[in-house]
Amino acid sequence: MRGSVIVRRASKLAAAALLAAAFVAGASETALTQSDTPPIDLTGPVEPRNCVPCHASIGQAKRPGIIFSHAAHLTVDCSACHVATPHQDGKTVRPSMQTCFSCHGLQHGPTGLIASGTCRDCHTKDFELKPATHTKDWKRKPHADAARPNVNGCLMCHESAKDCDRCHADEAPQVPRMPSVYLRSVPVKPDEPSVLIDVDEPVTVGQCVFCHADINGIAPGRIIFTHDTHLKRAYKCASCHPRFPHQPQGTLRNTMQDCYRCHGLVHSARGEVAPEKCEACHPKEFKLVPANHTKQFLSGGHKDRARSEPTYCSMCHKSTACVKCHNGGVKMADGRTSAKVVPADHRKTQWRADHGGRYLAQEGLCAVCHDSPSCAKCHQTSMPHPANWLAAHSKRDGALGKDCKVCHKDRKTCQECHHAAVRSTELVAANCVKCHPEMDTKPATKIKNAPLAEHAVHFEVAKKKGKPYTCSECHVGFGLSEVHVTSQLSGPHDLRACYDCHGALGVDRLQIAPWPGSELCRRCHADLRI
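The rules behind each value
Residues numbered from 1 in each chain as written. Predicted model: local features only at pLDDT ≥ 70, side-chain atom pairs only at ≥ 80, totals over all residues. Heavy atoms only, no water. Helix = DSSP H or I, 4+ residues; strand = E, 2+ residues; numbered from the N terminus. Buried < 20%, exposed > 50% of the residue type's maximum accessible area, 1.4 Å probe, protein only. Areas by Shrake-Rupley, 256 points an atom, 1.4 Å probe, with all protein chains shown as cover. Polar contact = N/O pair within 3.5 Å; in protein donor to acceptor, adjacent residues only side chain to side chain. Contact = heavy atoms within 4.5 Å. Phe/Tyr/Trp six-rings, centres within 6.5 Å; stacked < 30°, edge-to-face > 60°. Lys NZ or Arg CZ within 6 Å of the ring centre and 35° of its normal. Core = buried A, V, L, I, M, F, W, Y, C linked by side-chain atoms within 4.5 Å. Arc of directions from axis to C-beta. Salt bridge = Lys/Arg side-chain N within 4 Å of Asp/Glu carboxyl O. Disulfide = S-S within 2.5 Å. pLDDT = per-residue confidence, 0-100.

Draft legend 1. Just the overall build of the protein, in detail. Looking only at helices and strands, one finds 23 helices and 6 strands in the protein. For the protein, the residues scored as buried account for 21% of the 530 residues in total. For the protein, the exposed area adds up to about 36,700 Å²; of that, 59% sits on carbon and sulfur atoms.

Structural data, given as C-alpha cells:
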C-alpha cells in the first residue's frame, strides 16, 4: 500500500484558505463541504492541506497537561515539528520534547531567546514535571544506565555544572566530564513514495489501512464487530460508509439503523442476509434498552418519534408489541392504563377503499398495529406479502384476482410481468380468452373494455394476411411501455399505431388494412357525427 500512487486531481482551493481553516481556534463545528478536496498525501511533508480534510480546527492542544496552540507557531513550517507522518499503523506520532527543545530555550545571537524554555510556560500546574522513570534510587545506577547512550537528552532539564559535576566529584565514578550545553538537533524525515488518498472517491480499504493497519481491531465494548466478516462476503465499503469516515466535524460512525439494512433482512429464497439477534452484535453486559426510553417515553411520549422515524422503532419492536398496548387495558410504565388507539383517518368511510393504495405508497405506519393475520381477516392474500410471494402467487390460478385489485388498481406492473412470457404468442382467440373470457364476445366490437376490443377485432386477421399477428409486432413492451409510444394525449385509443396499417398502402401500392381515417372509429362508434 505504501508504495502505491493515486493520480492527484487538481485542487480548487487556495492554500491561503486551507491555512485559515486549519488554524481557526475554537471552530470545532466548522464543516468543510467542498466537493473537490485535494488528495491527502500520507507520506509527504506535513502541511495544512493534508490535515484540514479531517481536522476543521487544530488550534489548541487536546492532550492533558500541555499548553499549546498551533496559532502561536504559524510562522514555523509544520514539518519542522512534525518530522514523521502523524497517523500511521493505528498510532498517532506526536512531536517529542527533543523536537520542542530545538527552539525552546535557544538563544539565537542578536535575536535573543527564540522561545521560552521555562517548564510552566508549556505545562499546566497539575502536570508532574518529574518523569516516571526517576524513581527514588534514580540517582544511583539506574540514571547512569539510562544516560550512557543519550547524555545529551538529560541536559534538556539538567545543568551539568550544578546537577552532574558536583555529585560526580563526591562519588568519583569513572565517567568523563559532562557536556556543558544541550546540543539541539532536528531529525530529517526520509523521503518516501507518495501515498495519496482521495476523500471524494468511494470509500475503499486502501484509504484506511495506512493509518489503521488492523481494521479489525475494534475495542470491545458496545458492539461485537469485525470488518473481516463483511469483507469476506464481498460487501463494498461504500455500502456502509457512503462518505469518507473522517470529516472536519468529526468521525462519521454508522448507526444501528444503517446496520439493519441487512441485519434481519430476508432476501427471498436466500433467506436471512444477516442475523438480527441482539447478542450477535452486542456483548452480554451491554444494556439493550436505550437511555431515551424513560417512563414518559414508554407511556406515550414515543409517538412523535414513531411517526417521524418508524424504522427506529421497528429495529427492536414487532407490531404485536405495539398492538398489545394500543388495544388498551395495559398498565404502562408510569402506572396509567393504556387507552385504545385508533387513528382519526381510520374512522372515515373512505378509509376501507383508500388504505390499500396508501399502503403501497408506503404512507402511514401500518406495521405498527397490523401484521399478516390482522390483514388476512379481510384479504385472502398474506399481507404484507412474504418474501417468496412473486414465485408462489401464480399457483392460485387467478383465484386472487379480485383480492389483488384492492391495492393494485393500476395493473401496468402486473401486465409487464404476466404478458412477458407471451410476447411471441399469436393473437388468436384460443390464446386470449382463457385469461380474458370477455374477449370471446361476438362481434368483438361489442366488448365494453376498449383495450380488449382492440385486440379481439384482430383475431381473424389471418384470413386476409395469411397469418395472425404476434404480440411483439406491435408491442415494444407490456404495461409500462404501451403500444409503440407512451403518450396518453389521445385518450383511450392511441390510433397512431393503428394507422400504420389501416388506410396505409404497402410496397405493392395496395391498401394493407381497410377503414382509413374516421371509418376506423365508426367500426365501434356508429353514432359519431364526423
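So, next bit.
Draft legend 2. View of the side chain of His 293. Relative to the helices and strands, His 293 is located in the loop between helix 9 (256-259) and helix 10 (295-301). A polar contact is formed between the side chain of His 293 and the side chain of Asn 292, at a distance of 2.7 Å. Setting aside residues up to four positions removed in sequence, His 293 forms contacts with Leu 298, Tyr 312 and His 317.

Draft legend 3. Geometry of the environment of Phe 101. With respect to the element layout, Phe 101 can be found in the loop between helix 3 (97-100) and helix 4 (141-147). The exposure class of Phe 101 is buried, given its relative accessible area of 13%. Considering only alpha carbons, one finds Phe 101 and Gly 117, 16 residues apart in sequence, at a separation of 7.8 Å. Residue contacts for Phe 101: discarding those within four places in its chain leaves Met 156, Tyr 182 and Arg 184.

Draft legend 4. Spatial organisation of the packing of aromatic side chains. One pass over the full model with this rule turns up 1 aromatic pair. For the cation-ring pair, Arg 305 lies above Tyr 312, with the distance from its terminal atom to the ring centre recorded as 3.6 Å.

Draft legend 5. Spotlight on the nonpolar core. Residues Leu 427, Cys 432, Met 439, Ala 444, Ile 447, Leu 452, Ala 453, Ala 456, Phe 459, Val 461 and Tyr 469 constitute the largest nonpolar core, which totals 11 residues. Excluding anything up to four places from it in sequence, Leu 427 contacts Cys 432, His 455, His 458, Phe 459, Pro 468, Tyr 469 and Thr 470. Counting 8 residues, the second-largest nonpolar core is a separate cluster that includes Leu 42, Phe 210, Cys 211 and Phe 244.

Draft legend 6. Structural detail: helix 6 (residues 160-171). Among the residues making up helix 6, those that are buried are Ser 160, Cys 164 and Asp 165. Viewed end-on, helix 6 has its buried residues packed into an arc of 85°, placing them on one side of the element. Projecting away from the buried face of helix 6 at angles above 90 degrees are the exposed residues Arg 166 and Asp 170. Looking one or two residues past helix 6, Ala 172 carries a phi angle of roughly 55°, positive in sign.

Draft legend 7. Quick look at unusual backbone geometry. Pro 443 follows Lys 442 through a cis peptide bond whose omega is -10°. Along the polypeptide, Pro 443 turns up in the loop between helix 19 (429-432) and helix 20 (450-456). The phi dihedral of Asp 89 falls on the positive side, at around 55°, and the residue is not glycine. Its place among the elements puts Asp 89 in the loop between strand 2 (87-88) and strand 3 (91-92). Not every positive phi belongs to a glycine, and Ala 234 is a case in point at roughly 65°. Looking at where Ala 234 falls in the secondary structure, it is placed in the loop between helix 7 (227-231) and helix 8 (237-240).

Draft legend 8. Quick look at the pattern of salt bridges. Taken as a whole and assessed by the stated rule, the structure comprises 12 salt bridges. When the shortest N-O distance is used, the salt bridge between Arg 305 and Glu 309 registers 2.8 Å. Taking the shortest distance from any N to any O, the salt bridge between Arg 336 and Asp 334 comes out at 2.8 Å. You can call Arg 336 partly exposed: its relative accessible area is 45%. The exposure class assigned to Asp 334 is partly exposed, which follows from its relative accessible area of 36%. What you see here is one network of salt bridges that share partners, running through Lys 141, Asp 145 and Arg 148.

Draft legend 9. Region of interest: the state of the cysteines. Applying the stated criterion across every chain yields a total of 0 disulfides. Here Cys 100 stays free of any disulfide, with the sulfur of Cys 81 as its closest cysteine sulfur at 6.7 Å. Relative accessible area serves as the criterion here: at 36%, Cys 100 is assigned to the partly exposed category.

Draft legend 10. Just the side chain of His 326, in detail. Inspection of the secondary structure puts His 326 in helix 13 (residues 319-326). A relative accessible area of 19% means that His 326 is categorised as buried.

Draft legend 11. Up close: the environment of Asp 36. Relative to the helices and strands, Asp 36 resides in the loop between helix 1 (15-22) and strand 1 (40-41). Take Asp 36: its relative accessible area is 14%, and that puts it in the buried class. In this structure the C-alpha to C-alpha distance between Asp 36 and Val 199, which are 163 residues apart in sequence, comes to 8.7 Å.

Draft legend 12. Local environment of the confidence of the model for the protein. Of all residues in the protein, 86% have pLDDT values of 70 or greater, and the mean over the chain is 80. Taken together, the stretch residues 1-34 has pLDDT below 50 and engages in 69 contacts with residues farther than four places along the chain or on a different chain. Confidence drops under a pLDDT of 50 for residues 479-491, and excluding neighbours within four residues, the segment shows 26 contacts in the predicted structure.

Draft legend 13. Molecular detail of the environment of Ala 430. Tracing the backbone shows Ala 430 in helix 19. As a C-alpha pair, Ala 430 and Phe 459 span 29 residues in sequence and 9.3 Å in three-dimensional space.

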